[in-house]
Amino acid sequence: MKKAKDENTEEQILVAAKNVFQTKGMDGARMQEIADKAGINKAMLHYYYRNKQLLFEAVFKNAFSLLAPQLNAVLNDDSSIEDKIKNFTSNYITFIVKHPYLPNFIIQELNRNPDFILKMKDNPAFPNIEKFKIQVDDEVAKGVIKPISAEQLFINIMALNIFPFVAKPLIMAFTSANDKHYQQLMEDRKTEVANFIINSIKNS
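Quick notes on the rules
Residue positions are given per chain, counted from 1 along the sequence in the order it is written. Reporting of local features is limited, given that this is a predicted model, to residues whose pLDDT is at least 70; pairs of side-chain atoms are given and counted only at 80 or more, and all residues count toward the totals for whole chains, interfaces and linings. With hydrogens and water excluded, all non-hydrogen atoms of the structure serve as input to the side-chain values. Residue types Ala, Val, Leu, Ile, Met, Phe, Trp, Tyr and Cys, when buried and joined through side-chain atoms within 4.5 Å, form a set referred to as a nonpolar core. Burial here depends on accessible area, computed with a 1.4 Å probe over protein chains only, as a share of the maximum for the residue type. Under 20% is buried, over 50% is exposed, and the range in between is partly exposed. Helix numbering and strand numbering both begin at the N terminus, where a helix is a DSSP run of H or I of at least 4 residues and a strand a DSSP run of E of at least 2. Domain limits in this description derive from either an automatic procedure or a database domain assignment. Any two residues whose heavy atoms approach within 4.5 Å at even a single point are treated as in contact. Only centres within 6.5 Å qualify two rings of Phe, Tyr or Trp (six-membered ring in Trp) as a pair; their planes then separate them into stacked at under 30 degrees, edge-to-face at over 60, and tilted for everything else. In short, buried area is how much 1.4 Å probe accessible area vanishes from two parts on joining, totalled over both. Salt bridges are defined as contacts in which a side-chain nitrogen from Lys or Arg sits within 4 Å of a carboxyl oxygen from Asp or Glu.

In the nomenclature of an unreviewed UniProt entry, the protein chain is known as DNA-binding transcriptional regulator, AcrR family of Winogradskyella thalassocola.

Printed below as a string of structure tokens:
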């Protein structure tokens, strides 16, 4: 019973911290505010996490661990490059629509502490593009796709999928979109992005 209670308390802390860090960033967040949102006192918060940096890292790892395994699975399955692009795009957009705070949260931490990602790379679930690189080189050699480096292709996929979420207010302003229209635009991108990239690299 105590273990379950401890896990529930820790989950409450992580949810509260995620909300505070998302809106105020690492520097603007206060441990007292996080404790208040979690429904515990500050002493209890410090029992679980001695300082704000440790709590921020826990929230970041928790957030990143939700997305990384999905992307890694797509990159390392046995599908073609074309199917990988379709699946990566569909999976990413579906996931981020459910967790809209995540892209800005990750970019915020990477900008604040670039070396932190090096710790994340030790996780087996961290996306590995080695198989993807071999596949791209192979399909280029066979003439299935136009000559392109795997790194550039991967950056293109990431950029076209991530930017509309990171720049949501800008996108909404440029397109005069309300929330409903924006959500539809993101839904449409599951196929629009994949088709755009595939058509740009496919040999006709």
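Picking up after the structure, the text goes on.
One finds F21, L55, I85, F132 and L153 to be the most contacted residues of the largest nonpolar core, which totals 63 residues. Counting residues per element, this core draws most heavily on helix 4 (residues 52-75), at twelve residues. When residues of this core are sorted by domain, at least three fall in each of domain 1 (1-50) and domain 2 (65-201). F132 has contacts with L75, I81, K84, A150, L153, F154 and I157, leaving out every residue within four places of it along the chain.

Let's shift gears to the packing of aromatic side chains. Inspection of the entire model under this criterion finds five aromatic pairs. With centroids separated by 4.6 Å and ring planes inclined at 70 degrees, the aromatic side chains of F21 and F56 adopt a geometry described as edge-to-face. Note that F21 is positioned in helix 1 (residues 2-28) and F56 in helix 4, a separation of 35 residues in sequence. The class of F56 is buried, set by a relative accessible area of 0%. For the ring pair F88 and F154, a centre distance of 6.1 Å and an interplane angle of 75 degrees mean the geometry is edge-to-face. Taken as a pair, F88 in helix 5 (residues 81-98) and F154 in helix 9 (residues 150-166) lie far apart in primary sequence, 66 residues in all. Just as F88 is buried, F154 falls in that class too.

A separate point is the domain arrangement of the protein chain. By the assigned domains, the protein chain splits into domain 1 (1-50) and domain 2 (65-201). A straight line from the C-alpha centre of domain 1 to that of domain 2 covers 31 Å. Taken together, the five residues of domain 1 in the interface contact four residues of domain 2. Summed over both partners, the interface of domain 1 with domain 2 buries about 480 Å², with 67% contributed by carbon and sulfur atoms. Here domain 1 and domain 2 share zero salt bridges between them.

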